[in-house]
Amino acid sequence: MLSLNAKIQDVFNEPACDKNRGKDPKARKQGCSKPLTPGAAAGGCAFDGAKIVLQPITDVAHLVHGPLACEGNSWDNRGSASSGPTLWRTSFTTDLTELDIVMGQGERKLFKAIREIKEAYAPPAIFVYSTCVTALIGDDIETVCKRAAEKFGLAVVPINAPGLAGSKNLGNKLAGEALLEHVIGTVEPDDAGPHDINILGEFNLSGEFWLVKPLLDRLGIRVRACIPGDARYVDVASAHRARATMMVCSTALINLGRKMEERWDIPFFEGSFYGITDTSEALRKIVELLVRKGADRQILDRTETLIAQEEAIGWKKLEAYRPRLQGKRVLLNTGGVKSWSLVHALTEIGIEIAGTSVKKSTLEDKQRIKQILKDDNHMFEQMPARDLYAMLSEQKADIMLSGGRTQFIALKAKTPWLDINQERQHPYAGYDGIVELVRQIDLAIHNPIWHQVREPTPWDWQARVKDEVPGAKSKVATLQAAEEIDGPTVGDFGER
Amino acid sequence: MSRILSQTKSAAVNPLKSSQPLGAALAFLGVDGAMPLFHGSQGCTSFALVLLVRHFKEAIPLQTTAMDEVTTILGGADNLEEAILNIKARTKPKLIGVCTTALVETRGEASAGDVADIRLKRSQDLPGTEIVLANTPDFEGAIEEGWAKAVTAMIERLTRPGEQVRQSKKIAILPGWNLTVADIEHLRDMIETFGLAPVILPDLSGSLDGTVPDRWVTTTYGGTNVEDIRELGTAQYCIAIGEHMRCPADVLQKVTGVPYVLFQSLTGLKSTDRFVSLLSAISGEPVPAGVRRRRAQLQDALLDGHFHFGGKKIAIAAEPDQLYQLATFFIGMGCEIAAAVTTTDMSKILEKVPAQSVQVGDLGDLETLGASADLLVTHSHGRQAAERLGIPLMRVGFPVFDRLGSQHKLTILYQGTRDLVFEVANIFQANRQAPTPEALYPLGKRETPDGPRPSPLTRH
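Residues numbered from 1 in each chain as written. Chains lettered and ligands numbered in written order. Predicted model: local features only at pLDDT ≥ 70, side-chain atom pairs only at ≥ 80, totals over all residues.

Trainee: Hey, could you run me through the overall build of chain B in this one?
Mentor: Assigned secondary structure in chain B consists of 18 helices and 14 strands. Compactness check: chain B gives a C-alpha radius of gyration of 23 Å against a globular reference of 23 Å for 460 residues, within 12% of the reference. Principal-axis analysis of the C-alpha atoms places the extent of chain B at approximately 85 × 60 × 45 Å. Here chain B holds 460 residues, and 58% of them are scored as buried. (Helix = DSSP H or I, 4+ residues; strand = E, 2+ residues; numbered from the N terminus. Rg over C-alpha atoms; globule rule 2.2 N^0.38 Å. Buried ≥ 20, exposed ≤ 12 C-beta atoms within 10 Å, placed from the backbone.)

Trainee: What exactly am I supposed to notice about the overall build of chain A here?
Mentor: When helices and strands are tallied, chain A shows 25 helices and 13 strands. Looking at the 496 residues of chain A, the share that counts as buried comes to 47%. Within chain A, counting contacts between residues at least 6 apart in sequence, those at least 24 apart form 70% of the total. (Contact = placed C-beta atoms within 7 Å.)

Trainee: So what exactly am I meant to see when it comes to the nonpolar core here?
Mentor: A general trend in soluble globular proteins is that nonpolar side chains are found buried together. Residues Leu63, Val128, Val236 and Ile434 of chain A together with Cys238 and Ile316 of chain B are the most contacted members of the largest nonpolar core, which totals 264 residues. Top element by residues in this core is helix 21 (residues 430-446) of chain A. It accounts for nine residues. The contacts of Val236 of chain A, once residues within four sequence positions are left out, are Ile57, Leu179, Val183, Ile184, Ala225, Ile227 and Ala231 of chain A. (Core = buried A, V, L, I, M, F, W, Y, C linked by C-beta atoms within 7 Å.)

Trainee: Explain helix 17 (residues 413-430) of chain B to me, please; I cannot follow it from the model alone.
Mentor: Spacing of three or four residues puts side chains on the same side of an α-helix, whose turn is 3.6 residues. End to end, helix 17 of chain B covers 26 Å across 18 residues, agreeing with the expected 26 Å (1.5 Å per residue, within 8%). Its buried side turned inward, helix 17 of chain B meets helix 8 (181-193), helix 12 (269-283), helix 13 (289-305), helix 14 (320-332) and strand 14 (393-395) of chain B. (Expected span 1.5 Å × (residues − 1).)

Trainee: Before we go on, may I ask you to explain the packing of helix 15 (residues 298-319) of chain A against helix 21 of chain A in this structure?
Mentor: The packing of two helices is summarised by the inter-axis angle and the distance between the axes. Residues and elements named next belong to chain A. At a minimum axis distance of 9 Å, the contact between helix 15 and helix 21 shows a crossing angle of 5°. Considered as vectors, helix 15 and helix 21 are oriented roughly parallel to each other. Seen from helix 15, the contacting residues are Glu310, Ile313, Gly314, Lys317 and Leu318; seen from helix 21, they are Tyr431, Ile434, Val435 and Val438. Of the residues belonging to the contact of helix 15 with helix 21, the class tally is six nonpolar, one polar and two charged. (Axes fitted to C-alpha atoms, helices over the stretch in contact; angles between N-to-C directions. Parallel < 35°, antiparallel > 145°, perpendicular 65-115°, else oblique. Nonpolar A, V, L, I, M, F, W, Y, C, P; charged D, E, K, R; others polar.)

Trainee: So what exactly am I meant to see when it comes to the domain arrangement of chain B here?
Mentor: Much of the literature gives interface size as the accessible area that the parts lose upon coming together. Residue and element names in this part refer to chain B. Partitioning chain B into structural domains gives domain 1 (20-158), domain 2 (167-289) and domain 3 (298-430). Measuring from the centre of the C-alpha atoms in domain 1 to the corresponding centre in domain 2 gives 24 Å. Among the elements of the structure, helix 1 (20-28), strand 2 (34-39) and helix 7 (143-158) are those that each provide at least two residues to the side of domain 1 that touches domain 2. A total of eleven residues in the side of domain 1 that touches domain 2 trace back to one element, the largest contributor, which is helix 7. Class assignment for the residues of the side of domain 1 that touches domain 2 results in 17 nonpolar, five polar and eight charged. (Domains from an automatic or database assignment.)

Trainee: Where do I start with unusual backbone geometry in this structure?
Mentor: Most peptide bonds take the trans configuration, and most residues that are not glycine carry a negative phi. Residue and element names in this part refer to chain B. Going from Leu201 to Pro202, the amide bond is cis rather than trans, its omega being -10°. The residue after Phe398, namely Pro399, is reached through a cis peptide bond having omega 0°. Along the polypeptide, Pro399 turns up in the loop between strand 14 and helix 17. Backbone geometry places Lys57, a non-glycine residue, at a positive phi of 55°. One can find Lys57 in the loop between helix 2 (42-56) and strand 3 (63-64).

Trainee: So what exactly am I meant to see when it comes to the sheet that holds strand 8 (residues 268-270) of chain A here?
Mentor: Sheet strands pair by backbone hydrogen bonding; their relative direction is either parallel or antiparallel. Residue and element names in this part refer to chain A. Strand order in the open sheet made by the four strands is 6-5-7-8, with parallel pairing throughout. Both edges of this open sheet fall to strand 6 (222-228) and strand 8, since each of them pairs with a single strand only. Between one strand and the next, the sheet's axes are offset by a mean angle of 20°, whatever the strand orientation. The sheet contact formed by strand 5 (residues 196-202) and strand 6 spans six bridges and is parallel. (Pairing = 2+ DSSP bridges.)

Trainee: Explain the environment of Glu140 of chain B to me, please; I cannot follow it from the model alone.
Mentor: Here Glu140 of chain B is to be found in the loop between strand 5 (130-134) and helix 7. For Glu140 of chain B and Gly397 of chain B, which are 257 residues apart along the polypeptide, the C-alpha to C-alpha distance reads 19 Å.

Trainee: Hey, could you run me through the confidence of the model for chain A in this one?
Mentor: One rule of thumb: low pLDDT means the predicted coordinates there are not for detailed reading. Residues and elements named next belong to chain A. Considering every residue of chain A, the mean pLDDT works out to 84; 83% of them sit at 70 or more. Within chain A, helix 24 (residues 475-486) has the poorest average pLDDT of any element, 44, and strand 4 (residues 155-159) the best, 97. Here residues 463-478 scores under 50 on pLDDT; set against residues more than four positions off or in separate chains, the count is 17 contacts. Long-range and interchain partners of residues 480-489, a stretch whose pLDDT sits below 50, account for 15 contacts in this model, where long-range means more than four residues apart. (pLDDT = per-residue confidence, 0-100.)

Trainee: Honestly, the sheet that holds strand 4 (residues 95-100) of chain B in this entry has me stumped. Any pointers?
Mentor: Residue and element names in this part refer to chain B. One open sheet holds the four strands; their spatial order is 3-2-4-5, and the pairing between them is parallel. Two strands close off the open sheet at either side, each with one partner strand: strand 3 and strand 5. In this sheet, strand 3 lies alongside strand 2 in parallel orientation, the contact comprising two bridges. The partner of Phe38 across the bridge, within strand 3, is Thr64. Taken strand by strand, helix 6 (residues 111-121) contacts strand 2, strand 4 and strand 5, and its axis lies near 175° from that of strand 5.

Trainee: Explanation requested: the pairing of strand 4 of chain A in the structure shown.
Mentor: In summary, the side chains of a regular strand alternate between the two faces of the sheet. All names here are of chain A. Burial analysis of strand 4 places five of its five residues in the buried class, which makes it a mostly covered element. In strand 4, alternate side chains face the same way, and those of Ala155, Val157 and Ile159 on one face and Val156 and Pro158 on the other are all buried. Pairing geometry for strand 3 (residues 125-130) and strand 4, over five bridges, is parallel. Bridging from a neighbouring strand, Tyr129 pairs with Ile159 of strand 4.

Trainee: When you look at helix 4 (residues 46-54) of chain A in this model, what are you seeing that I'm missing?
Mentor: Burial within helix 4 of chain A is extensive, with eight of its nine residues counted as buried. The set of residues buried in helix 4 of chain A consists of Ala46, Phe47, Gly49, Ala50, Lys51, Ile52, Val53 and Leu54 of chain A.

Trainee: I tried to follow the pairing of strand 7 (residues 244-247) of chain A on my own but got confused; where do I start?
Mentor: Residue and element names in this part refer to chain A. Alternating positions in strand 7 separate into two faces, Ala244 and Met246 on one and Thr245 and Met247 on the other, with burial throughout. Bridge analysis of strand 5 against strand 7 gives four bridges, and the strand direction is parallel. Following the sheet pairing, Leu200 is matched in strand 7 by Met247. Bridging between strand 7 and strand 8 involves three bridges; their strand directions are parallel.

So this is what it looks like as structure tokens:
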């Protein structure tokens, strides 16, 4: 078993990551997380990252070993959807007190907590997350988990990703490592077939994977495991018997995909379900890999038929929005657009991209952005809140698409805004999802409140009245003066 | 402009209306020391009384002329006289508001003449008690009409006629019935901030605001002073709120020459802007910092709230002015009006209601027309329809008998609009449906729409 430090070095040295490949050996050794600047840091910690990736596994009890804040301040804050179990949304923490920490009772409390959860909820597995404090005081959660698993006869999985280890992204990867080490391959399915696939990094936000899964069903493709969105523990545990893997959110679980290929010979590709062309491309790649692994070639034709049919419907639905959205300017502030077909779909119906951040984009991404934007000036690394506010206040964009963090910059600048990150309320995946996204853009831009909130305060004339009619003695005279200047009569304030 | 569809069916299913005399009684209840009196049979009064009590959770002074079979045939003048004398003797009210019912109107009772006779004949028995008559048969109109008729009747009867010396700070306010107690209180505060002195008729905030008086009072305790109604002619301006208050405002202008300004609704940023500008113009005072702050809060509420409104379909059943008030509010937030049901086709405001059509009808119509809506908006009787359709209900208007505090909900000006935004957004959030594979299934309905349309994907 590797130490936490060795594990971190290992996940940083990710050969499947194209950004990592571009670095020299020295830079690679430093890892992919930039050192944080105290006082100017934003974003989650490694624990946060690990929890995000694993929590949507729906029938698992997720137990956070630490003082209250780690779990107490963060639970039930994500919009993944479950088609069955609800246990994942129940929050479990050992809630360590000062006494627990001083007296070194953490491990014992953890063991007891596992017992209580086992007795009250009987889950197929319990995931135990370490946190900064329990890492600091040296609680050995791996040993406690091992002991508890033996004693209680269920899977107890240590997730060793304390916040102090690093960034959210690192936590994502450590979570993948934990699955590899403790979960995947521990259950042998009795129904493995030639059309089984895994989807990695799909979170089923707002249930959006359910807009895609029926397409796969129709092609006869079985999703062995979708990790983590709407997953069951046993699906994840038997994921090693799939024939192909699609990586959806590649930065999060790229190490998991690559190591599953090494260990179980499951080929993978990076794809996206956002946008029409990407969805089609993803379907094509999936069946290609399956055919390469021995599936009947007929599936290729069936896939093309389905794609043709769905694309036609999708484009037609999108076209209906063209008259309302043509020429509208969208500002993408997402840290880096992975999903080019999303941008493609927007520009296809006449929406313009007013600007985009390229903070997390690769060189290749930047080339594509240049082609679309025609003007490099609209590309920015990261825009300070004040500049963003100024840009939106000047109405240089009709809407901003971003995550919740910059929501209020847009709103306070009286600019429409749409959440396209994890807290969002609407499903955007697949052929129907992009139509929903465009519909939401339409609703946001055309909401009548924008006229109202941008209306200047109406009593600005007061200064003028005072200036221009110094002789106005009585209130009535003032009123009449106001009428003369602005034109309306008293009656015009009301309705005829 | 909306199309107004008349009622064509014979059976009203789950009525939307409350009766016209109830509306008149409500207006009289906004006068200090008043006793409304239904001229009709006992039942008319008792049903109205029970409904008012269920809504306000207060003892409601309301009396009846208790017409029976014999008086119905022979004429109700004696009953009316006896009732007035009895009320005078027992409760010594400052005002008795007579509301006729369908019974006496159908038999063609000459109530106006009867009341005039009683005043003349019994003047020595009735010192200090005004008698005002509103002709409010149940077979027409609803609360709105009854309320407006009672206010008109009070101005005609009580307000001293003729041009008078105007007090520059005095403003007469004629609020529609759909303003809550909290609305009236808030309205008064707002007007007073500008250094103006409002006289509000009727003023439910004095009488039905749910307080505990330190003695037992059999009439209303609080509300507009009869003396103040007499002196309405000395106001600088009159502000009427709601289209149904145009008639009383017109009458006040004809009788005393006081000009009026009508606001069809005081809900929403723009109408409040206009109202505040008017107060500032009349008073010559700048808009106070507190009011500016409320405006900014409303702006923020609109920004934060609009996510929950965009594209939502709303079905509203309410009397005309309230229908207009709410429909314009929802449209202003980006909703569609899926169904608009109201009580009468007589109000001029209806053609301004921002809906394709306005159906004159009942809650049965609301249930049919609003079956695919995201929110039903009507009074408490809409709860069964809401339950059957599985659509949340926002309770507005009268009666609201299964929730407490509806009189203390603010619905007007910056603050009330802000509260409405939050109330509705919270209803939507409380009723958010978790996504399911079945609801999202993409290969089901395969029709391709010709234009943007509500999506089946999202219903929260």
